Amino acid sequence: MLMSGNILVVEDELKLANLLSDYLKASGFEPFCLANGTEVVPWVRANKPDLVLLDLMLPGRDGMEVCKDVRSFSRVPIIMVTARIEEIDRLIGLELGADDYICKPFSPREVVARVKAVLRRTYDGKTIQAPGLVLDEQRYEALLNGHDLELTAVEFKLLQFLVANAGRIYGRQQLMDKIYPDERIVSDRTIDSHIKKLRRKIESADPEAKLIHSVYGVGYKFDPISA
């Protein structure tokens, strides 16, 4: 699986930040480095990285506070990096919404491996399917970057099915069979209408989010990493 994506490295030790950046570039990622905790939240809001490597001890703002703030509006994967090894810090870090936790000293290769593992879980069709997208089946609620998409029940079921089968192409009839199991009589163009509304709602929350793609003459697919 070829991995790529924009990685925000938040690390105030310049040599370490540059080392991590070099290893990430060699693995096909596009890293960007910040050294001050106060810069992280606005940068994440503006640039929507695919993953954040977040050091715990930072000038300006503590990594714990930064993680909590980022989680208030984004589900971007976060790997916390720290020299603290106390179990309480590990638990607090994960409870605040970190996806993984790595302690210094570490091998840069290990960090890259963790980055790939977290991104693989993110796009595996079973967890979060795109940066910032969260589906709550109990409430029939879909959030994108913290914004409620306000989907109808049918729209939610359609998005949920496409997300759960990310990358696979489905024709109109296949999608109708999934969202209308009672076999009611509806036009196959009904799917086109639902897709159009879904796209409109997604783009209203994030104009840059191109999540549902048309495959000419075949159908539709959900793919957050397609160009």
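Above this text you will find the structure in question.
All of the points below concern the structure found in this document. (Residues numbered from 1 in each chain as written. Predicted model: local features only at pLDDT ≥ 70, side-chain atom pairs only at ≥ 80, totals over all residues. Heavy atoms only, no water.)

### Brief notes about unusual backbone geometry
Here is step 1 of the chain: Following lysine 104, the chain continues into proline 105 via a peptide bond in cis, with omega recorded as -5 degrees.
Here is step 2 of the chain: Tracing the backbone shows proline 105 in the loop between β5 (100–103) and α5 (108–122).
Here is step 3 of the chain: Of note in this structure, lysine 48 is not a glycine but carries a positive phi near 50 degrees.
Here is step 4 of the chain: Located in the positive-phi region is glutamate 150, a residue other than glycine, with phi close to 55 degrees.
Here is step 5 of the chain: If you trace the backbone, glutamate 150 turns up in the loop between β8 (147–148) and α6 (153–164). (Helix = DSSP H or I, 4+ residues; strand = E, 2+ residues; numbered from the N terminus.)

### A closer look at helix α2 (residues 40–47)
Here is step 1 of the chain: Buried within α2 are the following residues: Val40, Val41, Trp43 and Val44. Each buried residue of α2 sits inside an arc of 165 degrees when the element is viewed along its axis, so together they form one side.
Here is step 2 of the chain: Summarising the contacts, the buried residues of α2 are in contact with β1 (5–10), β2 (29–34), β3 (51–55) and α3 (63–71).
Here is step 3 of the chain: Backbone geometry just downstream of α2 places lysine 48 in the positive-phi region, at approximately 50 degrees. (Buried < 20%, exposed > 50% of the residue type's maximum accessible area, 1.4 Å probe, protein only. Arc of directions from axis to C-beta. Contact = heavy atoms within 4.5 Å.)

### Brief notes about the packing of α6 against helix α8 (residues 189–205)
Here is step 1 of the chain: Packing of α6 against α8 brings their axes to within 10 Å, and their N-to-C directions diverge by 85 degrees. Classed by the angle they form, the pair α6 and α8 counts as roughly perpendicular. Facing Val154, Glu155, Leu158, Leu159 and Leu162 of α6, the residues of α8 in contact are His194, Ile195, Lys197, Leu198 and Lys201.
Here is step 2 of the chain: Residue composition of the contact of α6 with α8, by class: six nonpolar, one polar and three charged. (Axes fitted to C-alpha atoms, helices over the stretch in contact; angles between N-to-C directions. Parallel < 35°, antiparallel > 145°, perpendicular 65-115°, else oblique. Nonpolar A, V, L, I, M, F, W, Y, C, P; charged D, E, K, R; others polar.)

### Structural notes on the pairing of β2
Here is step 1 of the chain: Of the strand pairs in this sheet, β1 and β2 are connected by six bridges, and their pairing is parallel. The residue of β2 that forms the bridge with valine 9 is cysteine 33.
Here is step 2 of the chain: Once the chain exits β1 it traverses helix α1 (residues 14–26) before rejoining the sheet at β2, and the crossover so formed is right-handed. (Pairing = 2+ DSSP bridges. Right-handed = clockwise from strand over helix to strand, strands pointing away.)

### Considerations on the nonpolar core
Here is step 1 of the chain: In this structure, Leu149, Leu159, Leu162, Leu175, Ile212 and Phe222 are the most contacted members of the largest nonpolar core, which totals 26 residues.
Here is step 2 of the chain: Elements represented by at least two residues in this core include exactly β7 (141–144), α6, α7 (172–179), α8 and β10 (219–222).
Here is step 3 of the chain: Ranked by residue count, the leading element in this core is α6, at six residues.
Here is step 4 of the chain: In contact with leucine 175, other than residues within four places in its own chain, are Leu158, Phe161, Leu162, Tyr170, Ile191 and Tyr220.
Here is step 5 of the chain: Within the second largest apolar cluster, 22 residues are counted, among which are Leu34, Val44, Leu58 and Tyr101. (Core = buried A, V, L, I, M, F, W, Y, C linked by side-chain atoms within 4.5 Å.)

By themselves these figures say nothing about function.
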